[in-house]
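Survey of secondary and tertiary structure
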Amino acid sequence: MIERAERAIEPSLTQEMEITGEEIERRKAFLEFGDEDVERLMSMNELAQQYADSVIEAFYRHLLSFEEGRAFFPDPALLERVKRKQKAYFVRLTQGNYGPQYVEDRLRIGLLHERINLPTKLYLGMYNFYLRTVASYLLEAYPQDSKKAFGLFLSLLKLVFLDINLAIDTYIHKRERTLRLQQEAIREISTPVLQLRQGLLILPIIGVVDSLRALQLTEQLLRTIRSNRARVVVMDITGVPVVDSKVANHFIQTVEAARLMGATVILTGLSPAIARSLVSLGVDLSRIRTVGDLQGGIEEADHLLGYRVVKGEELDARARPA
Amino acid sequence: MAVAAETRVPIASEADIVAARQQVRALAAQVGFSPTDLVLIATAISEVARNIVQYARRGEITLSPIEQSNRRGILIIARDEGPGIPDLELAMQDGYSTGGGLGLGLPGARRLMDEFAITSEVGKGTTVTMKKWARPHG
């Protein structure tokens with residue numbers, strides 16, 4: 001009952017992973033999994049029910065004989081629960097109706113395994129163990145008709161490959177999602193706009209500037225210019241390895257937008273190599289104020305804002321009455 | 001010193017452009033280019049890779065080390081099967097762009113490299129061939 005309630009709330013994995021009904025059909029077609037396979041699988045149902053217990057028990061004995069396998073089941077209650085689910089799955093393989101709900105269940109199980117970090121080698125090893133065990137049971141069940149046994153086995157093999165594929169897809173899907181989230185997180189933290197003094201912002205840019213990052217960078221800068229009432233921005237690109245015409249164009253547009261907001265941008269940290277490549281490209285940076293390094297840029301910014309940096313002792317000397 | 005043979009870089013996204021730059025930097029460093037030249041070559045490959053992504057959506061860049069009468073260099077061939085360029089002369093002019101860019105990509109790449117050739121057929125695709133030779137240094 002609890003499981004059902006959870007299911008209603010979470011978005012379906014088939015949707016999230018874009019495994020539509022058509023996609024399921026395409027996968028089946030590629031495996032040449034047809035109605036006769038469904039029939040053969042269903043004809044094995046009785047056998048499956050009969051042997052589910054012994055197959056699953058044998059598998060977990062095998063799994064637990066490995067150190068790596070034991071690590072996943074420190075809790076006997078968990079082990080029993082997993083075994084029950086595996087027995088149900090084992091029988092489910094022979095119950096027909098391998099449609100969207102079947103696929104959704106497979107994906108959910110795959111995700112569960114991904115979540116506990118079950119290595120794929122154990123996952124695939126499990127399927128291999130099942131197949132080997134089932135093969136020997138089938139030969140036993142049809143001692144006079146090994147051809148029939150083999151036919152049944154091939155149908156099972158198709159379904160198992162469909163299932164393995166779905167399980168691996170959930171692993172890939174989950175990892176890709178993690179990767180995407182990390183990239184977004186890196187983008188968020190990689191464009192800090194810092195206020196150095198009243199009216200002066202520093203924008204250090206490090207790494208690769210792609211279109212998305214350039215857009216975020218510009219937006220964040222413009223927001224900060226407004227909220228901090230900044231008048232000068234020092235944009236340092238010491239950490240940008242290559243500036244091609246597209247990236248240069250991004251920079252020019254950022255500078256223009258900042259200018260419209262009433263802030264002057266000083267570009268610093270152009271390496272000699274980047275300066276040469278910009279000249280070769282023919283990028284017109286004449287409208288952008290550039291200063292060699294970050295220190296020079298801050299000095300220029302202070303000058304524009306009317307600040308003067310004076311050493312403490314000089315100030316003391318001046319304050320002392322003559 | 002052994003230099004790697006041809007390297008192929010499939011181009012279909014912005015991430016691939018970054019990959020192409022990294023690959024060409026690594027190869028050019030092996031060939032013996034100066035740090036400044038590495039940046040120039042990386043910029044040139046960036047321009048042609050961007051053109052592929054923007055106009056053809058996908059294509060391929062091959063990188064190979066080359067040698068000719070005692071000098072070493074790098075050969076970059078960028079191929080796509082995109083829409084092609086109807087007027088090459090126009091496309092090679094500074095400031096001409098149909099994609100809203102600065103229009104400096106192809107002419108810029110030509111200036112960054114030592115040799116540059118482009119062939120294109122409308123509906124068939126475009127091939128850019130570029131070479132740069134390492135100057136003895138250090």
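A quick note: this is a predicted structure, and the numbers were derived from the prediction, not measured. The residue count restarts for each chain, going from 1 along the sequence in the order it is written. In the order they appear in the text, chains get letters beginning with A and ligands get numbers beginning with 1. Predicted model: local features are reported for residues with pLDDT of at least 70 only, side-chain atom pairs are reported and counted for 80 or more only, and whole-chain, interface and lining totals are derived from all residues. Remark: hydrogens and water are excluded; side-chain values derive from all non-hydrogen atoms of the structure.

Section: the overall build of chain B
Looking only at helices and strands, one finds four helices and five strands in chain B. For the purposes of this entry, the term helix denotes a DSSP run of H or I that reaches at least four residues, the term strand denotes a run of E that reaches at least two, and both are numbered from the N terminus. Ordered by position from the N terminus, the helices and strands of chain B form the series β-α-α-β-β-α-α-β-β. Residues counted as buried form 46% of the 138 residues belonging to chain B. Throughout, a residue-residue contact means that at least one pair of heavy atoms, one from each residue, lies within 4.5 Å. Within chain B, counting contacts between residues at least 6 apart in sequence, those at least 24 apart form 61% of the total. All accessible-area figures derive from a Shrake-Rupley calculation using a 1.4 Å probe, and residue coverage is judged against the displayed protein chains alone. For chain B, the computed accessible surface area is about 6,800 Å², with 49% contributed by carbon and sulfur atoms. For the exposure calls, accessible area comes from a 1.4 Å probe over protein chains only, and a residue counts as buried if that area is under 20% of its type's maximum, exposed if over 50%, partly exposed in between.

Digging into the pairing of strand β3 (residues 232-239) of chain A
Residues and elements named next belong to chain A. β3 sits mainly inside the fold: six of its eight residues count as buried. Pairing geometry for strand β2 (residues 200-206) and β3, over six bridges, is parallel. By the bridge assignment, L201 is partnered in β3 with V233. With the strands pointing away from the viewer, any crossover whose connection runs clockwise from the first strand over the helix to the second is right-handed. In this region the chain leaves β2, passes through helix α11 (residues 211-228) and returns to the parallel neighbour β3; the handedness of that crossover is right-handed. Being paired, for any two strands, means DSSP has found at least two bridges between them.

A word on unusual backbone geometry
Residues and elements named next belong to chain B. Positive phi values are uncommon outside glycine, yet S69 reaches one of about 35°. Among the secondary structure elements, S69 is positioned in the loop between β2 (59-68) and β3 (71-80). Take S69: its relative accessible area is 67%, and that puts it in the exposed class.

A look at the sheet that holds strand β5 (residues 289-291) of chain A
All names here are of chain A. Strand order in the open sheet formed by five strands is β1-β2-β3-β4-β5, and the pairing between neighbours is mixed. Each edge of the open sheet carries a strand with a single partner, namely β1 (194-197) and β5. Each adjacent strand pair in this sheet contributes to an overall mean axis angle of 30°, direction not counted. Axis geometry follows a simple rule: fit a line to the C-alpha atoms, using only the stretch in contact for helices, then measure angles between N-to-C directions, giving values from 0 to 180 degrees. Sheet strands touched by α11: β1, β2 and β3. Its angle to β2, the strand with the most contacts, is close to 165°.

Notes on empty space enclosed by the protein
Residue and element names in this part refer to chain A. Using protein atoms alone on a 1 Å grid, points that fit a 1.4 Å probe yet trap it form a cavity, whereas open point sets bounded by protein on both sides within 12 Å along at least five of seven lines form a pocket; residues with an atom within 4 Å of a point count as lining. Grid points are joined across faces, edges and corners, and a volume is the space filled by probe spheres set on the points. For the structure shown, the criterion picks out four cavities of 30 Å³ or more. As a volume, the largest cavity reaches approximately 120 Å³. Surrounding the largest cavity, M44, L47, A48, Y51, V55, F90, L93, T94, V134, Y137, L138 and L156 form its lining. Those elements giving two or more residues to the lining of the largest cavity turn out to be α5 (45-64) and α9 (120-141).

Remarks on the layout of surface pockets
All names here are of chain B. Size it by volume and the second largest pocket reaches roughly 660 Å³. Lining the second largest pocket are 38 residues; nearest its centre among them are N51, Y55, S97, T98 and L106. No other element matches helix α2 (residues 35-56), which puts eight residues into the lining of the second largest pocket. Note that Gly is not counted as nonpolar here; it falls among the polar residues with everything else outside the nonpolar set of Ala, Val, Leu, Ile, Met, Phe, Trp, Tyr, Cys and Pro and the charged set of Asp, Glu, Lys and Arg. Looking at side-chain class alone, the lining of the second largest pocket contains 17 nonpolar, 16 polar and five charged residues.

Comments concerning the pairing of β2 of chain A
Residues and elements named next belong to chain A. Within β2, five of the seven residues are buried, which leaves the element mostly enclosed by the surrounding structure. In terms of strand pairing, β1 meets β2 through three bridges, oriented antiparallel. Paired with R197 across the bridge in β2 is L200. Here β1 folds back onto β2, and the loop between the two strands holds two residues, one of which, G199, carries a positive phi near 85°.

Focus on the packing of aromatic side chains
Residue and element names in this part refer to chain A. In this analysis, rings of Phe, Tyr and Trp, with Trp reduced to its six-membered ring, are considered paired at centre separations within 6.5 Å, and the interplanar angle assigns stacked below 30 degrees, edge-to-face beyond 60, and tilted for intermediate values. Scanning all chains against the criterion turns up eleven aromatic pairs over all chains. Ring centres of Y51 and Y137 lie 4.0 Å apart, and the angle between their planes is 15°; this geometry places the pair in the stacked category. Of the two residues, Y51 is situated in helix α5 and Y137 in helix α9; the sequence distance between them amounts to 86 residues. Aromatic pair Y98 and Y102: ring centres 5.1 Å apart, planes at 85°, arrangement edge-to-face. Of the two residues, Y98 and Y102, neither departs from the other in class, the shared state being buried.

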